[in-house]
Amino acid sequence: MELKSNAIYIFRTYQGEEIIATLNDVTEKAYSVKAPMTLLIDSDGKGGIMPIPQPFAMFAKDPLKVKFEFTKNGIFTIYEAHENLKEMYTKIVAQANSNIVLPQKPQLITG
């Protein structure tokens, strides 16, 4: 697979973590990415995305604006993200990079 700059990919580490990020560049030894976020699955089996303040950027001033490098020997595989994940990721990054707060979708409360 040919990797393209500014495309959104999922990086799976050898530890089993799946990280969605925008690819900046590929060097001989590393993948340079921006706005990495962890993919999570909750106890109900639903997936989500969480900005990555831990463990990769615990002390970064702004984890969504810092460029990261993942060494190639730490990445098991890379694949293109599903369109729904790309959309969710893009919204989170856009919101984090602006002062605009996007409203949540209204939900029915049943009880």
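Given the structure is predicted, the values throughout are model-derived calculations rather than measurements. (Residues numbered from 1 in each chain as written. Predicted model: local features only at pLDDT ≥ 70, side-chain atom pairs only at ≥ 80, totals over all residues. Heavy atoms only, no water.)

**Q** Help me out: how do you make sense of the overall build of the chain in this one?
**A** Helix and strand content of the chain: 1 helix and 6 strands. Ordering the α and β elements of the chain from the N terminus gives β-β-β-β-β-β-α. Counting only residues that meet the buried cut, the chain has 30% of its 111 residues in that class. In the chain, the proportion of contacts linking residues at least 24 apart, taken out of those at least 6 apart, comes to 53%. Within the structure as shown, the chain displays about 8000 Å² of accessible surface, and the carbon and sulfur contribution to it stands at 54%. (Helix = DSSP H or I, 4+ residues; strand = E, 2+ residues; numbered from the N terminus. Buried < 20%, exposed > 50% of the residue type's maximum accessible area, 1.4 Å probe, protein only. Contact = heavy atoms within 4.5 Å. Areas by Shrake-Rupley, 256 points an atom, 1.4 Å probe, with all protein chains shown as cover.)

**Q** It is not clear to me how the pairing of strand β3 (residues 30–41) should be interpreted in this structure. Could you clarify?
**A** On a regular strand, one side chain projects to one face of the sheet and the next to the other, so that they alternate. By the criterion of burial, β3 is predominantly enclosed, with 9 of the 12 residues buried. Sheet topology note: the strand β2 (residues 18–26)/β3 ladder contains 6 bridges and is antiparallel. Paired with Ile19 across the two strands is Thr38, which belongs to β3. Here β2 folds back onto β3, and the loop between the two strands holds 3 residues. Of the pairings in the sheet, the one linking β3 to strand β5 (residues 67–71) comprises 5 bridges and is antiparallel in character. (Pairing = 2+ DSSP bridges.)

**Q** Explanation requested: the pattern of salt bridges in the structure shown.
**A** One pass over the full model with this rule turns up 3 salt bridges. Between Glu18 and Arg12 there is a salt bridge, with the nearest N and O atoms lying 3.6 Å from each other. (Salt bridge = Lys/Arg side-chain N within 4 Å of Asp/Glu carboxyl O.)

**Q** Would you mind going over unusual backbone geometry with me for this structure?
**A** In terms of backbone geometry, most residues other than glycine have negative phi values and most peptide bonds are trans. Notably, Asn6 is not glycine yet its phi reads approximately 70°, a positive angle. With respect to the helices and strands, the residue Asn6 is situated in the segment before β1 (8–13).

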